[in-house]
Amino acid sequence: MSVNEGKKITRRTAVEDAAPSPTPSAALPPTSRIQLPPYETIALMLQGGGALGAYQAGVFQGLDEAGITPNWLAGISIGALNTAIIAGNAPQDRVPRLLEFWETICQPAFGIPLAGFVERALFNSADEIRKAFTAMQAAGALVEGQKGFFVPRFPPPSPLAAGLPQAASYYDTAPLKATLERLCDFDRINSGEMRVSVGAVNVATGNFAYFDNTRITLRAEHFMASGALPPGFAAVEIDGEYFWDGGLMSNTPLYEVAMASPRRDTLAFQVDLWSARGPVPDSIVDVMGRVKDVQFSSRTRMVTDMMQRSQRYRNVLRHVLEQVPEAVRETDQWCKLAAELACSKRYNVIHLIYRHKEYEGHYKDYQFGLSTMREHWESGLVDIRGSLAHRDWLEMPNGEARFVTHDIHRDGRKDAG
């Protein structure tokens, strides 16, 4: 199934000719339009993960073809960049713009992309050849950067020489600012059509911050700050303060959405690029990759378990308060405090986690190959179609906790028919 099929994108570019869509798979067919229950918030939450972020684009395409439009986008790092592209375009342009963004940044910054037949042959070869080829692409990203994203600083920064904070990095992300301003309408982002939140870390205070269009006017710099992972990328200056990648502190925006006040009935699509679960590594190279998985997965399942318990307590508290005479509830200070904490709102989290491929190395987050990008995109599209095939997963949760989670890889697959 091509990444283009869901939106019937007909344009052809040199990049598409150089790296055609992946071979049709046994993926589920496009999802028919879905009528959701009356959730007050439909959130799409996008984790950081560099080149793996094309998986999130595939997930969004699947939501788009099903007619599911989030009213809150929250992202960190590459998830923040995908958020900018989605929120910064009209509905009919969102998937094409995501494709244009990913086709752009998956080209070398200065060199000429390999001819299509050469890339297809290398990427679809035996595992050892594919591993060597993708490692070469990752090395290319380190040496020359990626088009419309980042380029090496020349001369390289001295380890000891002091200078401006926005130059203290190995790469310059000025091309990313130009790409975002070309592909995104920031007036639309700030219009309130969608709520937009992106996370970053204040370099001076060490505090986590969310830039949110309900509180401030968002610019390209806010999204770039969310993805400014040191020492590769420099801190981004915003209103006199400097910010780094939010993934340094928390790589998953789930907590920000689920704990928002006032509480609302929420359907949340949590799209993770790092899996906390994985094999025990038996080589130094595998150790490096597994460290990233553990570090950047941000314990998403632990957070959901914690929030499920919290919502259960709030719902139980609400039921207990209903047994207290109204006159007491209105006058007793403890009852008033309990009423503030009690909540019967319902939360449904659809969890989608990118699954590590056998050929991928520890460099998978900066291996921006076109064929790899399309495979990531395809994986996200397959996973969201599989998840949406479970129509019962989309129902509002009831019961004691009123908080449920579903995961296509944990709870099993279902073919759509």
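Residues numbered from 1 in each chain as written. Predicted model: local features only at pLDDT ≥ 70, side-chain atom pairs only at ≥ 80, totals over all residues. Heavy atoms only, no water.

J.: How would you summarise the overall build of the protein chain if you had to cite specific residues and measurements?
T.: Looking only at helices and strands, the protein chain features 16 helices and 11 strands. Taking 417 residues into account, the globule formula puts the C-alpha radius of gyration at 22 Å, and the protein chain, at 22 Å, falls close to it. In terms of overall dimensions, the protein chain has a C-alpha envelope of 75 × 60 × 45 Å along the principal axes. A buried classification covers 53% of the 417 residues belonging to the protein chain. A fraction of 77% describes how many contacts in the protein chain between residues 6 or more apart in sequence connect residues 24 or more apart. For the protein chain, the accessible area works out to roughly 18,800 Å², and carbon and sulfur atoms hold 57% of it. (Helix = DSSP H or I, 4+ residues; strand = E, 2+ residues; numbered from the N terminus. Rg over C-alpha atoms; globule rule 2.2 N^0.38 Å. Buried < 20%, exposed > 50% of the residue type's maximum accessible area, 1.4 Å probe, protein only. Contact = heavy atoms within 4.5 Å. Areas by Shrake-Rupley, 256 points an atom, 1.4 Å probe, with all protein chains shown as cover.)

J.: Just give me the short version of the UniProt feature "short sequence motif: GXGXXG" (unreviewed entry) in the protein chain, but keep the residues and values in it.
T.: UniProt's feature table lists "short sequence motif: GXGXXG" (unreviewed entry) at residues 48-53, given in the numbering used throughout. With 0% helix and 0% strand, residues 48-53 has end C-alpha atoms that lie 7 Å from one another. (UniProt positions renumbered as here; feature names shortened; annotations may be inferred.)

J.: So what about the packing of aromatic side chains? Which residues, and what values?
T.: Overall, the coordinates contain 13 aromatic pairs when judged by the stated rule. Ring centres 5.0 Å apart and planes at 75° place the aromatic pair F149 and F150 in the edge-to-face group. Using a relative accessible area of 6% as the deciding quantity, one classes F150 as buried. Centroid distance Y347 to F403: 5.9 Å. Interplanar angle 25°. Geometry classified as stacked. Within this pair, whereas Y347 is found in strand β10 (residues 347-353), its partner F403 is found in strand β11 (residues 403-407), the two being separated by 56 residues in sequence. Each member of the pair, Y347 as well as F403, is classed as buried. In this structure an aromatic cluster arises from ring pairing among F149, F150, Y171, F233 and F368. Positioned above the aromatic ring of F123, the side-chain terminus of R130 is 4.4 Å from the ring centre. (Phe/Tyr/Trp six-rings, centres within 6.5 Å; stacked < 30°, edge-to-face > 60°. Lys NZ or Arg CZ within 6 Å of the ring centre and 35° of its normal.)

J.: Can you break down the side chain of N315 residue by residue, with the values?
T.: Within the fold, N315 resides in helix α12 (residues 300-321). Classification of N315 by relative accessible area gives buried; the value is 2%. Those residues in contact with N315 that sit more than four places away from it in its chain are C343, S344, G399, E400 and R402.

J.: Go over the pairing of β10 with me, naming the residues and quoting the values.
T.: In terms of residue burial, β10 counts as a mostly covered element, since seven of its seven residues are buried. Alternating positions in β10 separate into two faces, Y347, V349, H351 and I353 on one and N348, I350 and L352 on the other, with burial throughout. Across seven bridges, strand β9 (residues 266-272) lies against β10 in parallel orientation. Along β10, the bridge assignment pairs V271 with L352. One ladder, built from five bridges, connects β10 with β11; its direction is parallel. Bridge pairing in β11 links H351 to D407. (Pairing = 2+ DSSP bridges.)

J.: Which residues make up unusual backbone geometry, and what are the values?
T.: Each neighbour pair has its own omega, and for F154 with P155 the value is 0°, a cis peptide bond. With respect to the secondary-structure elements, P155 resides in the loop between β3 (151-152) and β4 (171-172). The amide bond that connects P230 to the next residue, P231, takes the cis arrangement and shows omega of -5°. Its place among the elements puts P231 in the loop between α9 (220-226) and β7 (236-238). At D239, a residue that is not glycine, the phi angle is positive and equals roughly 50°. Mapped onto the elements of the fold, D239 is located in the loop between β7 and β8 (241-245). Residue D239 is classed as exposed on the basis of its relative accessible area of 65%.

J.: Account for the UniProt feature "domain: PNPLA" (unreviewed entry) in the protein chain, with residues named and values stated.
T.: In the numbering used here, UniProt assigns the "domain: PNPLA" (unreviewed entry) feature to residues 44-258. The span residues 44-258 is 40% helix and 15% strand, and its two end C-alpha atoms sit 12 Å from each other.

J.: Tell me about the state of the cysteines, and please be specific about residues and values.
T.: Considering all chains together, one arrives at zero disulfides under this definition. Unpaired in this structure, C106 has its nearest cysteine sulfur neighbour in C184, at a distance of 16 Å. (Disulfide = S-S within 2.5 Å.)

J.: Which residues make up the environment of F269, and what values go with them?
T.: Tracing the backbone shows F269 in strand β9. Judged by relative accessible area, which is 0%, F269 ranks as buried. Taking the C-alpha atoms as reference, F269 lies 43 Å from S158; in sequence the two are 111 residues apart. Once residues lying within four places of it in the same chain are set aside, the contact partners of F269 are I42, A43, L44, M45, L63, I68, I350, L352, I384, L388 and L394.

J.: Before we move on, could you go through the nonpolar core and cite the residues and values that matter?
T.: Within the largest apolar cluster, 75 residues are counted, with the highest numbers of intra-cluster contacts made by L44, I68, W102, L180, F223, F269 and L388. A total of seven residues in this core trace back to one element, the largest contributor, which is helix α3 (residues 78-87). One finds W72, A258, A268 and Y347 within the second-largest nonpolar core, a separate group that totals 14 residues. (Core = buried A, V, L, I, M, F, W, Y, C linked by side-chain atoms within 4.5 Å.)

J.: Please set out the packing of helix α5 (residues 116-123) against helix α6 (residues 127-144) residue by residue, giving values where relevant.
T.: Taken N-terminus to C-terminus, the directions of α5 and α6 make an angle of 125°; their axes are 8 Å apart at the nearest point. With respect to α6, the axis of α5 lies oblique. Residues E119, L122 and F123 of α5 form the contact with α6, whose own contacting residues are I129, R130, F133, T134 and Q137. The class makeup of the residues in the contact of α5 with α6 is four nonpolar, two polar and two charged. (Axes fitted to C-alpha atoms, helices over the stretch in contact; angles between N-to-C directions. Parallel < 35°, antiparallel > 145°, perpendicular 65-115°, else oblique. Nonpolar A, V, L, I, M, F, W, Y, C, P; charged D, E, K, R; others polar.)

J.: Any details on the side chain of S371? Residues and values, ideally.
T.: Counting through the fold element by element, S371 comes out in helix α15 (residues 370-388). Take S371: its relative accessible area is 11%, and that puts it in the buried class. Within polar-contact distance, the side chain of S371 engages the side chain of E119 at 3.2 Å. Beyond its immediate sequence surroundings of up to four residues, S371 is in contact with E119 and F123. (Polar contact = N/O pair within 3.5 Å; in protein donor to acceptor, adjacent residues only side chain to side chain.)

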